[in-house]
Amino acid sequence: MAPFLDHVDDEETTSNKSRVTVIGSGNWGSVAAKLIASNTLKLPSFHEEVKMWVFEETLPSGEKLSAVVNETNENVKYLPGIKLGKNVVADPDLEHAVRDSDMLVFVTPHQFMEGICKTIVGKIRKDAQAISLVKGMEVKKDGPCMVSAIISEKLGINCCVLMGANIANEIAEEKFSEATVGYRENKKTAEKWVQLFNTPFFSVSPVQDVEGVELCGTLKNVVAIAAGFVDGLEMGNNTKAAIMRIGLIEMKAFSKLLFGSVKDNTFFESCGVADLITTCLGGRNRKCAEAFVKNDGKKSFDELEAEMLQGQKLQGVLTAKEVYEVLSDRGWLELFPLFATVHEICVGRLPPTAIVKNIVHTSPAPFIMELCSTPPNEAIM
Ligand SMILES: NC(=O)C1=CN([C@@H]2O[C@H](COP(=O)(O)OP(=O)(O)OC[C@H]3O[C@@H](n4cnc5c(N)ncnc54)[C@H](O)[C@@H]3O)[C@@H](O)[C@H]2O)C=CC1
Ligand SMILES: O=C(CO)COP(=O)(O)O
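Everything numeric in this text was worked out from a predicted model, so none of it was measured.

Participant: Lay out the packing of aromatic side chains with the relevant residues and their values.
Facilitator: Evaluated as defined, the whole model comprises 10 aromatic pairs. Ring geometry for Trp-53 and Phe-55: centres 6.3 Å apart, planes at 75°, overall edge-to-face. You can call Trp-53 buried: its relative accessible area is 10%. Judged by centre distance (5.7 Å) and plane angle (90°), the ring pair of Phe-254 and Phe-336 falls under edge-to-face. Note that Phe-254 is positioned in helix α10 (residues 237–258) and Phe-336 in the loop between α14 (316–330) and α15 (337–346), a separation of 82 residues in sequence.

Participant: Help me get a handle on the site of ligand 1, residues and values and all.
Facilitator: Surrounding ligand 1, one finds 24 residues, the nearest of these being Asn-27, Asn-166, Ala-168, Lys-313 and Gln-315. Gly-26 is positioned with one of its backbone polar atoms (N or O) 3.1 Å from an oxygen atom of ligand 1. Between a nitrogen atom of ligand 1 and a side-chain N or O atom of Arg-284, the distance comes to 3.1 Å. In isolation ligand 1 offers 840 Å² of accessible surface; the protein chains occlude 89% of this area. With 3 residues, the single largest contributor to the shell around ligand 1 is helix α2 (residues 27–40).

Participant: Could you give an account of the packing of helix α9 (residues 210–232) against α14, with specific residues and numbers?
Facilitator: Running from N to C, α9 and α14 point in directions that differ by 110°, and their axes come no closer than 8 Å. The angle between the axes of α9 and α14 places the two elements in the roughly perpendicular class. Seen from α9, the contacting residues are Thr-218, Leu-219, Asn-221, Val-222 and Ile-225; seen from α14, they are Gly-316, Val-317, Thr-319, Ala-320 and Val-323. Classifying every residue of the contact of α9 with α14 by side-chain character gives 6 nonpolar, 4 polar and no charged.

Participant: Could you give an account of the UniProt feature "binding site: NAD(+)" (unreviewed entry) in the protein, with specific residues and numbers?
Facilitator: Using the residue numbers shown here, the UniProt feature "binding site: NAD(+)" (unreviewed entry) corresponds to Gly-24, Ser-25, Gly-26, Asn-27, Trp-28, Gly-29, Phe-55, Phe-112, Ala-168, Arg-284, Lys-313 and Gln-315. The residues touching Gly-24, leaving out its near neighbours within four places in the chain, are Gly-29, Met-52, Trp-53, Val-107 and Thr-108. You can see Asn-27 is positioned in helix α2. Dropping the residues within four chain positions of it, Asn-27 is found in contact with Tyr-78, Leu-79, Ala-168, Asn-169, Arg-284 and Gln-312.

Participant: Can you explain the UniProt feature "domain: Glycerol-3-phosphate dehydrogenase NAD-dependent N-terminal" (unreviewed entry) in the protein? Please cite residues and give values.
Facilitator: Within this structure's numbering, the places UniProt gives as "domain: Glycerol-3-phosphate dehydrogenase NAD-dependent N-terminal" (unreviewed entry) are residues 20–187. Overall, residues 20–187 shows 30% helix and 30% strand. The separation of its end C-alpha atoms is 19 Å.

Participant: Could you give an account of the site of ligand 2, naming the residues involved and the relevant values?
Facilitator: Around ligand 2 sit Lys-135, Gly-164, Ala-165, Asn-166, Ile-167, Lys-220, Asp-275, Thr-279, Gly-283, Arg-284 and Asn-285, and those are all the residues in its vicinity. In this structure, Gly-164 approaches ligand 2 through a main-chain N or O atom, which is 3.0 Å from an oxygen atom. The separation between an oxygen atom of ligand 2 and a polar side-chain atom of Asp-275 is 2.7 Å. Out of a free accessible area of 310 Å², ligand 2 has 92% covered by protein chains. Among the secondary structure elements, those contributing two or more residues to the shell around ligand 2 are α11 (270–282) and α12 (284–294). Grouping the constituent residues of the shell around ligand 2 by class yields 2 nonpolar, 5 polar and 4 charged. Per-domain counts for the shell around ligand 2 show at least three residues from each of domain 1 (2–208) and domain 2 (219–380).

Participant: Any chance you could break down the domain arrangement of the protein for me, citing the residues and the numbers?
Facilitator: If you check the domain split of the protein, you get domain 1 (2–208) and domain 2 (219–380). Facing 24 residues of domain 1, the contacting portion of domain 2 comprises 29 residues. Taken as a group, Lys-135, Met-137 and Ile-167 account for 22% of the area that domain 1 buries against domain 2, more than any other trio of residues on that side. Linking domain 1 with domain 2 are 1 salt bridge, by the criterion used here. With a shortest N-O distance of 2.8 Å, Asp-275 and Lys-135 are connected by a salt bridge. Taken together, the links from domain 1 to domain 2 amount to 9 residue pairs in polar contact (both at pLDDT 80 or more). For the side of domain 1 that touches domain 2, the class distribution of residues is 12 nonpolar, 9 polar and 3 charged.

So, how was this worked out
Residues numbered from 1 in each chain as written. Chains lettered and ligands numbered in written order. Predicted model: local features only at pLDDT ≥ 70, side-chain atom pairs only at ≥ 80, totals over all residues. Heavy atoms only, no water. Phe/Tyr/Trp six-rings, centres within 6.5 Å; stacked < 30°, edge-to-face > 60°. Buried < 20%, exposed > 50% of the residue type's maximum accessible area, 1.4 Å probe, protein only. Helix = DSSP H or I, 4+ residues; strand = E, 2+ residues; numbered from the N terminus. Near = heavy atom within 4 Å. Polar contact = N/O pair within 3.5 Å; in protein donor to acceptor, adjacent residues only side chain to side chain. Areas by Shrake-Rupley, 256 points an atom, 1.4 Å probe, with all protein chains shown as cover. Axes fitted to C-alpha atoms, helices over the stretch in contact; angles between N-to-C directions. Parallel < 35°, antiparallel > 145°, perpendicular 65-115°, else oblique. Contact = heavy atoms within 4.5 Å. Nonpolar A, V, L, I, M, F, W, Y, C, P; charged D, E, K, R; others polar. UniProt positions renumbered as here; feature names shortened; annotations may be inferred. Domains from an automatic or database assignment. Buried area = accessible area lost by both parts, 1.4 Å probe. Salt bridge = Lys/Arg side-chain N within 4 Å of Asp/Glu carboxyl O.

Right under this line is the structure:
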């Protein structure tokens, strides 16, 4: 059992300190807990213990994952070989894990976020603040809804976002990377999140653009699938660079069409071009898309995910479907050939070679190029 489970707080010394719960314990969730736990030990404004909600599962040994995390201080399934810090306490009970915390860090695959929010409605502190590290969105009847908006609307709390060029395993090994915190109005809250995450090897900057930061993190996963197709077709680096360039243009245009407030500079932050590059080079979406092509489409993405990722989840295939729904609903399919083609290939309606035929030989539409250089607030159609 983790020593912190037995720890009894001295009310006088801890009552004003912020308590943090990490909601999620996958690959990035575990690394996020590790980063945060290294800081709460040093920063007097935070309670040392960091709770981490674990979606409970039984390991092949018959043991429960949360118990093993607490015994070994390691997430043996999603982040093997890395100690999380003794002040990380795994908790399989979601309501219990969030009950006392005023800083909630959401980091699960996006498809589970609605259910998680439903479970904790009315069960969290009224003064809680949230941050979402989740890369993805939902498409509802009245249009797309970012994960930060789901959190804010369902739970009635403010929600910042943290996105960036953050392959989790590299950060776990303390290799340098940057990240971007997107905030809405309250810079002080953003600075508190920056303080909680920032380390000498994890450099975090705040940007007043929640939607821009979140859409960068979400949409780059679709471009990463396209990059993986190019790798599977063995087209080389120049073709992949072309895909990344066109992908970035579509990311920016789509973001600006959805939210007129999105800022151009956000695409030059870690959450923008840097995350696009790292994911297209070394991410799970790229890897599975390459395998999809190498298997001649005979294995579905679900099969490849299960075989290659051992419980970790892809976000790009589902996001491509969600983006496609928005494009077809709004009559924008022809404006975004890369996004549309990725989905068509994923569902088997087009062959992987379409990524080159349909995209690389077709420059982005003049309207899209123009939109990319339109100042914020003038971009809504
Ligand atoms: N892994 C990475 O390098 C990075 C991931 N992200 C983003 O972070 C988010 C979380 O990803 P990871 O931590 O990597 O997770 P993961 O993909 O490594 O693991 C999947 C997680 O989902 C949980 N899960 C499975 N079924 C569930 C259910 N029904 N309800 C709730 N949880 C369930 C599993 O227990 C596990 O914790 C994603 O949006 C991802 O795009 C962002 C930056 C880097
Ligand atoms: O978001 C990521 C890096 O910033 C990780 O991307 P993948 O999910 O493709 O591994």
